[in-house]
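# Remarks on the overall topology
Next come the chains, spelled out residue by residue.
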Amino acid sequence: MDILFFIIQALAFLVPILISVAFLTLVERKVLGYMQFRKGPNVVGPYGLLQPFADALKLFVKETLKPSTASPYLFFFSPLLFLILALVLWSLIPIPQPTLNVNLSLLLVLGVSSLAVYALLGSGWASNSKYSLLGGIRAVAQTISYEISMGLILLSILIWTGSFSLKEITLSQQNCWMLLPHLPLLFMWLISTLAETNRAPFDLTEGESELVSGYNVEYAGGPFALFFIAEYANIIFMNVLSIIIFMGGGSPFSTIPVIASLIISTKAIALVFFFLWVRASYPRFRYDQLMHLTWKNYLPLSLGLFSLTLSILVITNSSPFIL
Amino acid sequence: MNFLVFLTIAIILSSLLLIVGHFLPSRSLELEKSSPYECGFDPINSARLPFSFRFFLVAILFLIFDLEIALLFPIIPASSNNISILLPLSSVFLIILAAGLAYEWQQGGLEWAE
């Protein structure tokens, strides 16, 4: 009976995520449209609200094919793995209660999100096409480079909250959001999440002018839709994670169940809008600039800030927040 | 246990989407259509290209630094009981880490373009 209840709970959590991914594609096109003095999709349904479902239907009835030289199993397994990992990540997010009560949830989030690299590498390599191979290698190099700076940024936060549990991180920010003492870290973190999800100024993996579409160039129809859903689910996930780590989750009312969830979603929507705004505003980076940014700027800076936060903790002789 | 149940649900949901995308469309395969994409040309040679050594170097650097971050993680549970010994120990570790980065930087391992 417990398991049945859990299954219903998990489905009631996962299906809305898939729907929100669908609407994110609409929001993206609308926001980009209005920022370029266009209207965006407005024909299918009222205000274009049914557009994402029409798109999904179109994608799933499109002919999907495997290039004759591609490796058969890895080719279809990679998008599957990408989506599975994107969905599993969501189980650990406390809105305000996590679906899975894990003690070291942030550690698990870091581990599971690192696994997504295999999906990128697998799809890029298994397609057996030059563009997808180059796109895959670029994507992997970019993702793993930014993972390091993200890990070090997280260390500085965690040393003050004193716990890996996302729920306790939220609770520790009831009086002061982490973005106030850690403002430089917040900026670095936001830029790293942009790079980690391969978003606009860092979307070198799909640089249209050179690589056509990057690692997913050979995918069409259903498998491409899986990549698409997983990428957008990762974008929303990263923003919710930033909210929980830096902006206190459902902070002013984090103990009231429904209102806390609403506050988390509102903050997350604001951050997603920030992602779209960045995409509309900035041109793409060059690849050496991208690597320069993470290895020569963020890595030394986050190392220094980590020693600073640790020293502050020791000098003021205060133990981290303990529930 | 619950994690496995959630994982199974995620696998089933994703497989369902993949299967739907696999069996819903009608197909007509032909030789040209199933050749790897190369801007409308026939593929000239194998796509298993040799790639730049820089990417390999980035992967090696990632391995080292990620390992060091993994070794830094136990500081956090340790910080709640004895904090006075924490600073010297972790400082030694961080100095080694920073010295490694400085050495790598000075040797030109972080330069992307010559």
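Residues numbered from 1 in each chain as written. Chains lettered and ligands numbered in written order. Predicted model: local features only at pLDDT ≥ 70, side-chain atom pairs only at ≥ 80, totals over all residues. Heavy atoms only, no water.

Across its full length, chain A holds 11 helices and 0 strands. Tracing chain A from N to C terminus, the helices and strands come up as α-α-α-α-α-α-α-α-α-α-α. In summary, chain A has a C-alpha radius of gyration of 20 Å against a globular reference of 20 Å for 323 residues, a match within 12%. Taking all 323 residues of chain A together, the buried fraction comes to 60%. Considering only contacts within chain A whose residues lie at least 6 apart along the sequence, 78% involve residues at least 24 apart. Carbon and sulfur atoms make up 70% of the accessible area of chain A, which amounts to about 12,900 Å² in all. Across chain A, the 16 positively charged side chains and the 14 negatively charged ones have centroids separated by 7 Å. (Helix = DSSP H or I, 4+ residues; strand = E, 2+ residues; numbered from the N terminus. Rg over C-alpha atoms; globule rule 2.2 N^0.38 Å. Buried < 20%, exposed > 50% of the residue type's maximum accessible area, 1.4 Å probe, protein only. Contact = heavy atoms within 4.5 Å. Areas by Shrake-Rupley, 256 points an atom, 1.4 Å probe, with all protein chains shown as cover. Lys, Arg positive; Asp, Glu negative; His and termini not counted. Charge placed at Lys NZ, Arg CZ, Asp CG, Glu CD.)

Mapped onto this structure's residue numbering, the UniProt feature "transmembrane region" (unreviewed entry) falls at residues 6–27, 73–93, 105–126, 146–164, 176–195, 224–246, 258–278 and 298–316 of chain A. Helix makes up 86% of residues 73–93 of chain A and strand 0%. Its end C-alpha atoms lie 31 Å apart. (UniProt positions renumbered as here; feature names shortened; annotations may be inferred.)

A few words now on the interface of chain B and chain A. One frequently used descriptor of interface size is the decrease in accessible area upon assembly of the parts. On the chain A side, the residues contacting the 65 residues of chain B number 77 residues. Taken together, the two surfaces of chain B and chain A that pack against each other cover about 6,400 Å², and 80% of this comes from carbon and sulfur. Applying the counting rule to chain B against chain A returns 0 salt bridges. Across the contact surface, chain B and chain A share 0 residue pairs in polar contact (both at pLDDT 80 or more). Counting residues per element, the ones that place at least two in the side of chain B that touches chain A are helix H1 (2–23), helix H2 (53–72), helix H3 (75–78) and helix H4 (86–106) of chain B. Counting residues per element, the side of chain B that touches chain A draws most heavily on H1 of chain B, which supplies 16 residues. A per-class count over the side of chain B that touches chain A returns 45 nonpolar, 14 polar and 6 charged. (Buried area = accessible area lost by both parts, 1.4 Å probe. Salt bridge = Lys/Arg side-chain N within 4 Å of Asp/Glu carboxyl O. Polar contact = N/O pair within 3.5 Å; in protein donor to acceptor, adjacent residues only side chain to side chain. Nonpolar A, V, L, I, M, F, W, Y, C, P; charged D, E, K, R; others polar.)

Bringing the domain arrangement of chain A into the picture now. All names here are of chain A. Looking at chain A, the domain boundaries give domain 1 (1–61) and domain 2 (63–316). For domain 1 versus domain 2, the distance between C-alpha centres works out to 20 Å. Counting residues at the interface gives 19 residues for domain 1 and 25 residues for domain 2. Carbon and sulfur atoms make up 84% of the surface buried where domain 1 meets domain 2, a total of about 1,900 Å² over both sides. The interface formed by domain 1 and domain 2 contains 2 salt bridges. For Arg-199, the salt bridge goes to Glu-28, with nearest N and O atoms at 2.8 Å. For the side of domain 1 that touches domain 2, the secondary structure elements donating two or more residues are helix H1 (2–35) and helix H2 (51–61). Its residues placed into classes, the side of domain 1 that touches domain 2 shows 15 nonpolar, 3 polar and 1 charged. (Domains from an automatic or database assignment.)

With numbering matched to this structure, UniProt assigns "transmembrane region" (unreviewed entry) to residues 52–73 and 85–103 of chain B. Along residues 85–103 of chain B one finds 95% helix and 0% strand; the C-alpha atoms at either end are 28 Å apart.

Here the focus is the confidence of the model for chain B. On average, residues of chain B score 81 in pLDDT, and 88% of them are at 70 or above. Predicted complex, confidence summary: ipTM 0.84, pTM 0.90. (pLDDT = per-residue confidence, 0-100.)

Residue and element names in this part refer to chain A. The full count for this structure, using the stated rule, is 5 salt bridges over all chains. In this structure, the salt-bridge partner of Arg-29 is Asp-55, at a minimum N-O distance of 2.8 Å. Taken together, the residues span a long stretch of sequence, with Arg-29 in helix H1 and Asp-55 in helix H2 at a distance of 26 residues. Through salt bridges that share partners, Glu-28, Arg-199 and Arg-279 make up one connected network.

To continue, consider the packing of aromatic side chains. All names here are of chain A. Summed over all chains, the structure comprises 18 aromatic pairs over all chains. Between Phe-273 and Trp-277, the ring centres sit 5.8 Å apart and the planes meet at 45°, which makes this aromatic pair tilted. Highlighted residues: Phe-273 and Trp-277, both in helix H10 (residues 257–281), separated by 4 residues, approximately one helical turn. Here the aromatic residues Phe-75, Phe-76, Phe-82, Tyr-215, Tyr-219 and Phe-227 are joined through ring pairs into a cluster of three or more. (Phe/Tyr/Trp six-rings, centres within 6.5 Å; stacked < 30°, edge-to-face > 60°.)

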